[in-house]
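# Observations on the three-dimensional arrangement
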Amino acid sequence: MPVASLLPFTATPNRKSASPTSFRLTEKFILLLVFSGFITLCFGAIFFLPDSSKLLSGVFFRSSSVEAETRTGTVTTREKKKNKLPLFVGKSKREGNLKCTNPLEHMMQFSWDNYKRYAWGSNELRPVSKQGHSSNLFGSLKGATIVDALDTLYIMEMYDEFEAATEWVEMNLDFNMNAEISVFEVNIRFVGGLLSAYYLSGKEVFRRKAVELGEKLLPAFKTPTGIPWALLNLKSGIGRNWPWASGGSSILAEYGTLHLEFMHLSELSGRPVFAEKVMNIRKVLNRLDKPQGLYPNYLNPNSGQWGQHHVSVGGLGDSFYEYLLKAWLMSDKTDEEGKKLYYDALQAIEKNLIRKSSGGLTYIAEWKGGLLEHKMGHLTCFAGGMIALGADGGPDDKTGHQMELAAEIARTCHESYARTSMKLGPEAFRFDGGVEAIATRQNEKYFILRPEVIETYMYMWRFTHDPKYRQWGWEAVQALEKYCRVEGGYSGVRDVYANTPNHDDVQQSFYLAETLKYLYLLFSDDDHLPFEHWVFNTEAHPLPVIKKQNVEIANHLK
């Protein structure tokens, strides 16, 4: 779909004079009447139809108030005021006729249809070569895109596609295999995706599969400290760590990004063991000295000692900090330990890692053995949204300061996009040698459809309603359409500074789970998955707040 097709539709008046004897003009007049009637129908539906979201899906975003009952998994939706988006009129693949199509629903439909056509059951799609793809993160486990996309399909009201995905999960999602998988990736994508699908739809198959997979992951915690292995064989239960990770260490962002899902597994199964495992991780961390109050990225699961002192709020560290804050929010703000750990960590990050460039851009550097590397990763750009999300509960009336900091990080990350040829952000960008927010190394210039910058735009919009965040999000939509869309789906690109795209031929599962979902929510009303009821895991899977009366397990373990 060309970018122009996503721009607001404008009718061009017919400037030719009409002739009463011309049958061809009469034919045009009739067609104009039909088309005018169709447009009138679209807009009239706003006022006269009780549930017009399918018909109006491209003129306005559907917006609803979603309230989850944690015990039953039921959801009620209430149609609310719609937000305007640029109009796209096109053919519906499902209905085969002219209809109004929401641009982001259209992008999701295109991504999903091509995955289903060329890679159904595989973990991911190769959209250029039009075949399935899998990385070593999943071993021989299948269906990552299906499970990752479940809640996005449901939220966008693509119910036929959701039912097809549900059927695949019921019939084909199998964990009884000789497969070595990444505990972290399988947890955030598969466990998180199944949990979210259950809470949104109430379908028992998702609860059952989530608990079954959670039980398969428990052997990863069989270490002297209880700090889990990074890799686990689902059949044998034998675990190990990545060989490159600082003398066999576990990674902060991996063992620190289990808490939300495992607390919900205990909630849904009635088995405290899941909550016990993640609460033990905190006990280990609380016993350790933190250099400058910071958490190094590597921890040896045998000795319980830090590995090399490398600290990052991007890759290897990022979602550990996110889960400290979200553990507090998900507990209905009863997890005071999680809250304290988060704000203490943020204070140390601000003191030791956050810097301002000579050009006035605020960035989060990396710390290696006491020395700063003035580099910021695309992954780090989630931090703007995280800081905004936590600003309200900050100590010493720091809400205003933290919102300012979040806005500055959002601006820096937008600049990393704006300073490229494709208006898409590089994997990492630097602030040294006169360079600001630009990638200087070839192996940092790629873009793999990552969501973190869009994620921060969404949070900043929700908290400020500053229109620039929607404008920046729309710029990203246009860039995705122009440079990442290919005949068979959406692909990452190898160099965002090039004039023409060199595609990497992978449609990442997180593109459907996160990037498109965060864009959709950026343009929806605030009461569509409201933050007081839902907390998003690091793969953008919404999990309901566990109300105060349901936190006996967590309180018992502290």
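As the structure is a computational prediction, the values presented were derived from the model and not from experiment. (Residues numbered from 1 in each chain as written. Predicted model: local features only at pLDDT ≥ 70, side-chain atom pairs only at ≥ 80, totals over all residues. Heavy atoms only, no water.)

## Some thoughts on the overall build of the chain
For the chain, the count of helices and strands is 17 helices and 24 strands. A buried classification covers 61% of the 558 residues belonging to the chain. Sequence separation of 24 or more characterises 67% of the internal contacts of the chain that already satisfy a separation of 6 or more. Working note: accessible area of the chain is about 22,200 Å², and carbon and sulfur atoms make up 52% of it. (Helix = DSSP H or I, 4+ residues; strand = E, 2+ residues; numbered from the N terminus. Buried < 20%, exposed > 50% of the residue type's maximum accessible area, 1.4 Å probe, protein only. Contact = heavy atoms within 4.5 Å. Areas by Shrake-Rupley, 256 points an atom, 1.4 Å probe, with all protein chains shown as cover.)

## Quick word on the sheet that holds strand β14 (residues 310-311)
Spatial strand order, β14-β17-β18: three strands in an open sheet with antiparallel pairing. Taken across any chain shown, the strands that pair with only one partner, and hence form the sheet edges, are β14 and β18 (371-373). Here β14 runs beside strand β17 (residues 366-368); their pairing, made up of two bridges, is antiparallel. If you follow Val311 over to β17, its bridge partner there is Trp367. (Pairing = 2+ DSSP bridges.)

## Here we look at helix α2 (residues 103-119)
If you check α2, its first and last C-alpha atoms are 23 Å apart, about what 17 residues at 1.5 Å a residue would give, namely 24 Å. Where α2 starts, the residue carrying a side-chain oxygen 2.8 Å from the main-chain nitrogen of Leu104 turns out to be Asn102. Once α2 ends, the next one or two residues include Gly121, with phi positive near 90°. (Expected span 1.5 Å × (residues − 1). Polar contact = N/O pair within 3.5 Å; in protein donor to acceptor, adjacent residues only side chain to side chain.)

## A few points about the UniProt feature "active site" (unreviewed entry) in the chain
In the numbering adopted here, UniProt assigns the feature "active site" (unreviewed entry) to Glu185, Asp318, Glu427 and Glu452. Residue position: Asp318 is located in helix α10 (residues 318-330). Residue Asp318 is classed as buried on the basis of its relative accessible area, which comes to 11%. Those residues in contact with Asp318 that lie beyond four places of it in its chain are Ala253, Ser312, Val313, Leu379 and Phe382. Residue position: Glu427 is located in the loop between α13 (399-418) and β20 (428-430). Once residues within four sequence positions are removed from consideration, Glu427 is found in contact with Gly377, His378, Glu444, Tyr446 and Arg450. (UniProt positions renumbered as here; feature names shortened; annotations may be inferred.)

## A few points about the side chain of Thr456
Along the chain, Thr456 turns up in helix α14 (residues 452-464). At 2.6 Å, the side chain of Thr456 forms a polar contact with the backbone oxygen of Cys381. Looking at Thr456, its side chain comes within polar contact range of the main-chain oxygen of Phe382, at 3.4 Å.

## Remarks on the packing of α2 against helix α15 (residues 467-484)
One way to put it is that α2 packs onto α15 with a least axis distance of 12 Å and a crossing angle of 35°. Seen along the crossing, α2 lies across α15 with a hand that is left-handed. Of the residues in α15, those touching α2 at Pro103, Leu104 and Met107 are Trp474, Val477, Leu480 and Glu481. For the contact of α2 with α15, a count of residues per class yields six nonpolar, no polar and one charged. (Axes fitted to C-alpha atoms, helices over the stretch in contact; angles between N-to-C directions. Left-handed = near helix turned anticlockwise from the far one by under 90°. Nonpolar A, V, L, I, M, F, W, Y, C, P; charged D, E, K, R; others polar.)

## Some words on the pattern of salt bridges
As enumerated under the stated definition, the model contains 22 salt bridges in all. For Glu444, the salt bridge is made with Arg430, and the minimal N-O distance between the two is 2.9 Å. Note that Glu444 is positioned in the loop between β20 and α14 and Arg430 in strand β20, a separation of 14 residues in sequence. We classify Arg430 as buried; its relative accessible area is 3%. Salt-bridge contacts for Asp526 lead to Arg462; the nearest nitrogen and oxygen are separated by 3.8 Å. Here Arg462 lies in helix α14 and Asp526 lies in the loop between α16 (509-522) and β23 (534-536), a separation of 64 residues in the sequence. Note on Asp526: relative accessible area 30%, which makes it partly exposed. When salt bridges that share partners are traced, they join Glu124, Glu185, Arg189 and Glu539 into one network. (Salt bridge = Lys/Arg side-chain N within 4 Å of Asp/Glu carboxyl O.)

## Notes on the UniProt feature "binding site: Ca(2+)" (unreviewed entry) in the chain
Following the UniProt record, one finds the feature "binding site: Ca(2+)" (unreviewed entry) at Thr538. The residue Thr538 is located in the loop between β23 and β24 (542-544) in this model. Thr538 has contacts with Ile188, Thr257, Ser319, Glu322, Tyr323 and Glu514, leaving out every residue within four places of it along the chain. There is a polar contact of 2.8 Å between the side chain of Thr538 and the side chain of Glu322.

## Quick notes on the side chain of Glu366
With respect to the helices, strands and loops of the structure, Glu366 is situated in strand β17. Of the side chains bearing the opposite charge, Lys375 lies closest to the buried Glu366, which forms no salt bridge; the N-O distance is 4.0 Å. A polar atom in the side chain of Glu366 sits 3.2 Å from the side chain of His310. With near-sequence residues (within four places) excluded, Glu366 lies in contact with His310, Val311, Ser312, Leu353, Leu371, Leu372, Glu373 and Lys375. (Lys, Arg positive; Asp, Glu negative; His and termini not counted.)

## Some thoughts on the sheet that holds strand β11 (residues 239-240)
Spatial strand order, β9-β10-β11: three strands in an open sheet with antiparallel pairing. Of all the strands in the sheet, just β9 (180-182) and β11 have a single pairing partner and so form its edges. The pairing of strand β10 (residues 231-233) with β11 spans two bridges and is classified as antiparallel. Along β11, the bridge assignment pairs Leu231 with Arg240.

## Thoughts on the packing of aromatic side chains
Counting across every chain of the model gives 29 aromatic pairs. Ring geometry for Trp328 versus Tyr343: centroids 6.4 Å apart, planes at 75°, classification edge-to-face. Of the two residues, Trp328 is situated in helix α10 and Tyr343 in helix α11 (residues 336-352); the sequence distance between them amounts to 15 residues. Taking relative accessible area as the criterion, Trp328 reaches 5% and is therefore assigned buried. Assessed through its relative accessible area of 7%, Tyr343 is described here as buried. (Phe/Tyr/Trp six-rings, centres within 6.5 Å; stacked < 30°, edge-to-face > 60°.)

## A word on the environment of Cys381
Take Cys381: it is sitting in the loop between β19 (375-377) and α12 (383-390). In this structure the C-alpha to C-alpha distance between Cys381 and Val453, which are 72 residues apart in sequence, comes to 5.4 Å. Cys381 has contacts with Met376, Cys413, Phe429, Glu452, Val453 and Thr456, leaving out every residue within four places of it along the chain.

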